[in-house]
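Structural features, examined
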Amino acid sequence: HMELSPFECYPSSLEGIATKLSTVSTNDHDTAFSSPQCSTKFSTANNNNNSAARRIRPKHHAQYVIKKYRRSAAGGGTLSEISEGCIRTLEQLNGTVDYLIGDLFVWQMPPPIVGMSGEGEDDPNEISIWEEEEEGLHPVEQQQHTPFSLSDTVAFIDDRLRAAQKDLVTLLGNLEQDHHNVVVVDNNNAPPNSSSSITMKRLHRKQLQLKQTVRKMQAKMIRYNILTSYLLSNVPSSKYEVKFGARALRTSLTCYLNLSSTLDDEYTDEAKNDVATSQYKKECRMKDEIMAYMALLHSSAVLRSEETALPPSSAGEVTSSLMEESGSGWGALLSTFCKHVVATGNLAVAGCGGGHNNSCHQSLVEKYPRWKWALTLACLAQEGNFQGYLKLLKKGPSTVLSSSLTALTKEEEVDNARFLLLARCCASHSLNLIRLGQLRRYNHSFGKGEKVSGKDLARLLHFDDANDVSSAKLAIDFCRDAGLPIVEKECEESVELYVAMKSAPISVTKDGPIKRMCNPGRRNDCFVFGSCLGDTSSRRVDLLTDQLNGCGIQQSAEDWEDNVEADDAKSSCSSVNAVTIEARIDEDGVAIPSSQVIRTLME
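Just so you know, these numbers come straight off a predicted model, no measurement behind them.

**Digging into the side chain of R370**
Along the chain, the position of R370 falls in helix α12 (residues 369-383). When sequence neighbours within four positions are dropped, the list of residues in contact with R370 reads D288, E289, A292, P397, D415, N416 and F419.

Written as structure tokens, this is what we have:
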């Protein structure tokens, strides 16, 4: 465990470390350096090498160091006793999640360091291994990391979020135990107006606030895992393990739904409180959003399992079922809704005043419009209406509220755009399966041997790209993977490719086509984001991305120095939020959206 991440170190202390370490001992095979985790491993037989390497170890920044995930079964118990005795508070955990997702993930680097010393205080949970007596860095006026690759950033964040989830489980368990103890005392010994009854009310209030905060944290981690699983869908498993990302997403979804099962009961007692009413509506919208994501992910899993042209799905695929308790078919969508909404629903909630007016009798389904939209998509897919599915997924849920004819506010427009983009990320793994079903229809409908151009198929199969040529190529490649014959036809100035319909059955047998059908990767960027992020020559951006970009802070990197106070750690951490990083391609070839878009998606 003698390792630090570059995200936890001063940037200048990382420069040239690999070169320096290689000169310490070129023949010692026990000496190793790893860029993503700045680790050093030394042979105990060579003290000279140890001393030399110690002098070039990276210098940690105390405020950047975050508790790692440790598993005793994997030998992670070196500092486990200290760590287990220092469970973080809810405020600390919330701040950690905000920093990891709201700063590091957005910018792929830590905030700038201005006027701070190179020596940090050791955290007993993390680093008691770095020697502070060596000559280290001198304070500098300003130090700033350059953006890391997205895969390295996600590897660091995933590990720290896993540790945060572990502490959250312990924290929630301790609170439930305290609640149980107070209930026992209150029921057995306390008169109605005793101090224990007051304690019970305070504990109930504390539980309410805690659950609100944890639900927001879980929702943020759900959005993060959805986006990262799509952005890194092209990278090899050595950079990003899909099954680990799917497991983290499943954990966050399960935790959120379990915590939201008492949502209506939590606000029933405060129905006449305007603040509670507003908060309740926000919580319902968030629950609607999360349940819609879960329905889309489950629909992708069902489509994958029902596709006969492909081999059975593996456990490592993102499209693994998320609703195994309710079943693995289409019916699980309704079963899950009944379990988490209908069974816990209470029409006499905040805003109704406990009465029975018309607004209280609205259908529970109507209260969850985004989940209803996801259910409609599932119905279209089940019925085989693949064109309707693709059109509705592109359009998104209705943005006009039935109870109001007024125009949407800017905040509502951004919220709708954020949901639609993340919803498309959830459905991206099923897009090729939907297209495969539609292509099977076309293969039966067109005449035998009839030639259909790639441009027409791109339109029919909804392949959106930067231009007609690239869209047509995507459609032709897809049909080739599906086993349909491709023919050439000479035109005046070029050779165009056509697909010969009803000349062969749909058949996907080779490993490459199977992989692309199950995981199309980033080939759907234009469909998901409305623009080709990696195409610097064509910056075609539709309304969806414009809405997300429009809510960012319009400042440049030069504004950092004016916005950061050297003696205020919080301002130095939040100042990075003022920076705008345009869409870029990292060292792994991953196209990353602009910092404004990512930040808005995570909020």
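Following the structure, the description resumes.
**Structural notes on the sheet that holds strand β7 (residues 495-500)**
Read from one edge of the open sheet, three strands run β5-β7-β6, paired in antiparallel fashion. The open sheet has two edge strands with one neighbour each: β5 (451-453) and β6 (486-490). Within this sheet the neighbouring strands show an average axis-to-axis angle of 45°, counted without direction. The pairing of β5 with β7 spans three bridges and is classified as antiparallel.

**A few points about the nonpolar core**
Counting 119 residues, the largest nonpolar core has F105, L227, Y293, W373, Y389 and M501 as the members making the most contacts within it. Discounting chain neighbours no more than four positions away, the residues touching Y389 are L377, L380, A381, A427, S430 and I434. Counting five residues, the second-largest nonpolar core is a separate cluster that includes Y267, A276, Y280 and C284.

**Overview of the pattern of salt bridges**
Summed over all chains, the structure comprises 20 salt bridges. Measuring nitrogen to oxygen at the nearest pair gives 2.9 Å for the salt bridge that ties R88 to D167. Of this pair, R88 sits in the loop between α4 (80-84) and α5 (90-107) while D167 sits in helix α6 (residues 150-188); the two residues are 79 residues apart in sequence, bridging distant segments of the chain. Among the ionic pairs, K239 bridges to D588, the shortest N-O distance being 3.4 Å. Of this pair, K239 sits in the loop between α7 (195-231) and α8 (242-260) while D588 sits in the loop between β8 (584-585) and β9 (591-592); the two residues are 349 residues apart in sequence, bridging distant segments of the chain. On the accessibility criterion, K239 (35% relative accessible area) is partly exposed.

**Remarks on a positive patch on the surface**
On the surface, K216, K281, K282 and R285 cluster together to form a positively charged patch. Per-element tally for the positive patch: the top contributor is helix α10 (residues 274-306), with three residues. Following the sequence through the fold, R285 ends up in helix α10.

Rules and cut-offs
Residues numbered from 1 in each chain as written. Predicted model: local features only at pLDDT ≥ 70, side-chain atom pairs only at ≥ 80, totals over all residues. Heavy atoms only, no water. Helix = DSSP H or I, 4+ residues; strand = E, 2+ residues; numbered from the N terminus. Contact = heavy atoms within 4.5 Å. Pairing = 2+ DSSP bridges. Axes fitted to C-alpha atoms, helices over the stretch in contact; angles between N-to-C directions. Core = buried A, V, L, I, M, F, W, Y, C linked by side-chain atoms within 4.5 Å. Buried < 20%, exposed > 50% of the residue type's maximum accessible area, 1.4 Å probe, protein only. Salt bridge = Lys/Arg side-chain N within 4 Å of Asp/Glu carboxyl O. Patch = residues over 30% accessible without salt bridge, like charges linked within 9 Å, V, L, I, M, F, W, Y side chains within 5 Å. Areas by Shrake-Rupley, 256 points an atom, 1.4 Å probe, with all protein chains shown as cover. Lys, Arg positive; Asp, Glu negative; His and termini not counted. Charge placed at Lys NZ, Arg CZ, Asp CG, Glu CD.

All quantities given are derived from atomic positions and should not be read as evidence of function.
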